[in-house]
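Here's the letter readout for the chains.
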Amino acid sequence: IAQELINDRKPEWAAKTLQAWESTLATYAFPVIGDMPVADIDKTHIDKILKPIWLSKPDMAKKLRWRIEAVFSRAIFYELRPANNPAHYKDNLEIILPAQKQKVTSHAALPYADLPDFMAKLSKLDGFGARALEICILNATRTSETLKATWEEFDLEEGVWTIPAERMKMGVEHKIPLSEKSIELVRNMAQAKMCEFVFPNSNSLKHLSGSGMSSVLARMGYKDVITVHGFRSTFRDYIAEETHYENIVAEMALAHGIDSKVERSYRRGDLFKRRKSMMETYSNYAYGAQTEKVVQLRA
C-alpha cells in the first residue's frame, strides 16, 4: 500500500520528498509492520515504531507519523482495513505517546520600515523568480501557494486570485483580493505566458522550484539574513503597527487558523471588502505611494 501511494504521487514530488518518504518508511516502519496484513495493524504497532524517536527526533517522528497515516488512509479508502486509522494522533496516539516539547522557530523577516526600499530594488530585477517574490510579498502568501499558481486561478477583471483548497495549508479555498499593483504584475506576466503556471521554469515548463524566490534574496545580498516566509511577518507587523485594520482581517489575509471562538465566528464571511482595502493599503506602502494619514480626533 505504501509503495502504491508513493508511485501515484511520484510524478508531482520533488526528488527530495520522494527520498524522504522511502527512507523514513524503510528505516522505521517496514521493520515493524512491513510484512503484516494491513488490516491486522493497530495503534500499538504504530506506537512501537514512533516511541523510540518521538522525543529524540520529534520533527522526523511527526513527519513519519503523518506518512504512515496517509498510507492507512489509502488502505481504508480501498476498503482493505476497517475505517479506523491506527496512525491518527488526536484521541488515539496522543494518549499513549509522551508530549513533545514545542520548539518555536521564527522565520527571519525584513523589518517593515525597510520594505519600500527593498521593493524598489526588487522591481528592477528581471526573471520569473523576482516577479514571483513580488506577488508573494504583496499578497502575503506562502511559498508553495505562490510558485504553484496557475492562470485559471486568476480573475483579473474582478481582481481576485482563488487558491483551491488542495493547495492551501488549512485545506480551505482562499480568495485573495488583488491590489492594483498585483493585477498589473500578473497582466505583465501574461505577456510571457508559456504554460499553465504563472511562474514557470522555462526549461521544464513546470512551476519554479522552492529555491526560485530564495535565490532572488541571495542575489540581493540577503542570503541567511531573511527568508521568503518571513515576509508574512513583515505584512503582519505593518498592519498591526501602522493601520487600523482588525486582527481578524489580517489573520484571514494570511489564511491562518483562528483559535478564538469569537473571531472564528467571523469565518461565516470572508471580510473580502475589508481585506481588499487592506491589501491596497499595504501595496501602496510597499511601493512608497503616498497614502492618506487618518488621525482620530477625540471629543
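For clarity, every value in this text was computed on a predicted model and none was experimentally measured.

Rules behind the numbers
Residues numbered from 1 in each chain as written. Predicted model: local features only at pLDDT ≥ 70, side-chain atom pairs only at ≥ 80, totals over all residues. Heavy atoms only, no water. Helix = DSSP H or I, 4+ residues; strand = E, 2+ residues; numbered from the N terminus. Buried < 20%, exposed > 50% of the residue type's maximum accessible area, 1.4 Å probe, protein only. Pairing = 2+ DSSP bridges. Salt bridge = Lys/Arg side-chain N within 4 Å of Asp/Glu carboxyl O. Contact = heavy atoms within 4.5 Å. Patch = residues over 30% accessible without salt bridge, like charges linked within 9 Å, V, L, I, M, F, W, Y side chains within 5 Å. Areas by Shrake-Rupley, 256 points an atom, 1.4 Å probe, with all protein chains shown as cover. Arc of directions from axis to C-beta. Core = buried A, V, L, I, M, F, W, Y, C linked by side-chain atoms within 4.5 Å. Axes fitted to C-alpha atoms, helices over the stretch in contact; angles between N-to-C directions. Parallel < 35°, antiparallel > 145°, perpendicular 65-115°, else oblique. Left-handed = near helix turned anticlockwise from the far one by under 90°. Nonpolar A, V, L, I, M, F, W, Y, C, P; charged D, E, K, R; others polar.

Some thoughts on the side chain of Arg275
Alright, step 1. On the secondary structure map, Arg275 appears in helix 14 (residues 272-286).
Alright, step 2. Judged by its relative accessible area of 3%, Arg275 falls in the buried class.

Describing the pairing of strand 2 (residues 160-163)
Alright, step 1. In strand 2, alternate side chains face the same way, and those of Val160 and Thr162 on one face and Trp161 and Ile163 on the other are all buried.
Alright, step 2. Direction of pairing for strand 1 (residues 154-155) relative to strand 2: antiparallel, over a ladder of 2 bridges. Paired with Phe154 across the strands is Trp161, a residue of strand 2.
Alright, step 3. Taking the residues between adjacent antiparallel strands as the criterion, strand 1 and strand 2 are bridged by 4 residues, where Gly159 takes a positive phi near 70 degrees.
Alright, step 4. Pairing between strand 2 and strand 3 (residues 174-177): 4 bridges, direction antiparallel. By the bridge assignment for strand 3, Val160 is matched with Pro177.

Structural notes on the pattern of salt bridges
Alright, step 1. For the structure on display, the rule yields 12 salt bridges.
Alright, step 2. The shortest N-O distance in the salt bridge between Asp47 and Lys51 comes to 3.4 Å. Within this pair, Asp47 and its partner Lys51 are both found in helix 3 (residues 43-54), separated by 4 residues, close to a single helical turn.
Alright, step 3. We note a salt bridge from Glu184 to Lys181, for which the minimum N-O separation is 3.6 Å. In this pair, Glu184 and Lys181 both sit in helix 9 (residues 180-190), 3 residues apart, roughly one turn of the helix.
Alright, step 4. Using a relative accessible area of 23% as the deciding quantity, one classes Lys181 as partly exposed.
Alright, step 5. One continuous salt-bridge network, built from bridges that share partners, spans Glu4, Asp8 and Arg74.

Some points on the side chain of Thr146
Alright, step 1. Its place among the elements puts Thr146 in helix 8 (residues 143-147).
Alright, step 2. Those residues in contact with Thr146 that lie beyond four places of it in its chain are Ala132, Ile135, Cys136, Thr141, Trp161, Phe199 and Met213.

Remarks on a nonpolar patch on the surface
Alright, step 1. A grouping of Ile1, Phe77, Tyr78 and Leu80 is seen on the molecular surface, where their side chains present a nonpolar patch of about 410 Å² in accessible area.
Alright, step 2. The topology assignment puts Leu80 in the loop between helix 4 (58-77) and helix 5 (89-96).

Examining the sheet that holds strand 3
Alright, step 1. Pairing in this open sheet of 3 strands is antiparallel, and the strands run 1-2-3 from one edge to the other. Each of the sheet's edge strands pairs with one partner strand only, and the pair in question is strand 1 and strand 3.

What to know about helix 6 (residues 115-122)
Alright, step 1. Taken residue by residue, helix 6 has Leu115, Phe118, Met119 and Leu122 as its buried positions. Angularly, the buried residues of helix 6 cover 95 degrees about the axis, an arc narrow enough to put them on a single face. Structural note: helix 6 exposes Asp117 and Lys121 on the side pointing more than 90 degrees away from its buried face.
Alright, step 2. Among the structural elements, helix 7 (128-139), helix 10 (211-219), helix 11 (230-242) and helix 14 are those in contact with the buried residues of helix 6.

Regarding the nonpolar core
Alright, step 1. With 56 residues, the main nonpolar core has Phe118 and Leu133 as its most contacted residues.
Alright, step 2. Among the elements of the structure, helix 6, helix 7, strand 2, helix 9, helix 10, helix 11, helix 12 (247-253) and helix 14 are those that each provide at least two residues to this core.
Alright, step 3. The element best represented in this core is helix 7, accounting for 8 residues.
Alright, step 4. Those residues within four positions of Leu133 in sequence are excluded, and the remaining contacts are Phe118, Leu122, Met213, Val216, Leu217, Val228 and Phe231.
Alright, step 5. Core analysis: the second largest hydrophobic core is formed by 27 residues, Trp13, Ala29, Ile33 and Trp54 among them.

Focus on the packing of helix 3 against helix 4
Alright, step 1. Look at helix 3 against helix 4: their axes get within 9 Å of each other, and the N-to-C directions meet at 165 degrees. Here helix 3 lies roughly antiparallel to helix 4, going by the angle between them. When the axes of helix 3 and helix 4 are compared, the crossing they make is right-handed. Residues Ile46, Ile49, Leu50, Ile53 and Trp54 of helix 3 form the contact with helix 4, whose participating residues are Pro58, Ala61, Lys62, Leu64, Arg65, Ile68 and Phe72.
Alright, step 2. Class assignment for the residues of the contact of helix 3 with helix 4 results in 10 nonpolar, no polar and 2 charged.

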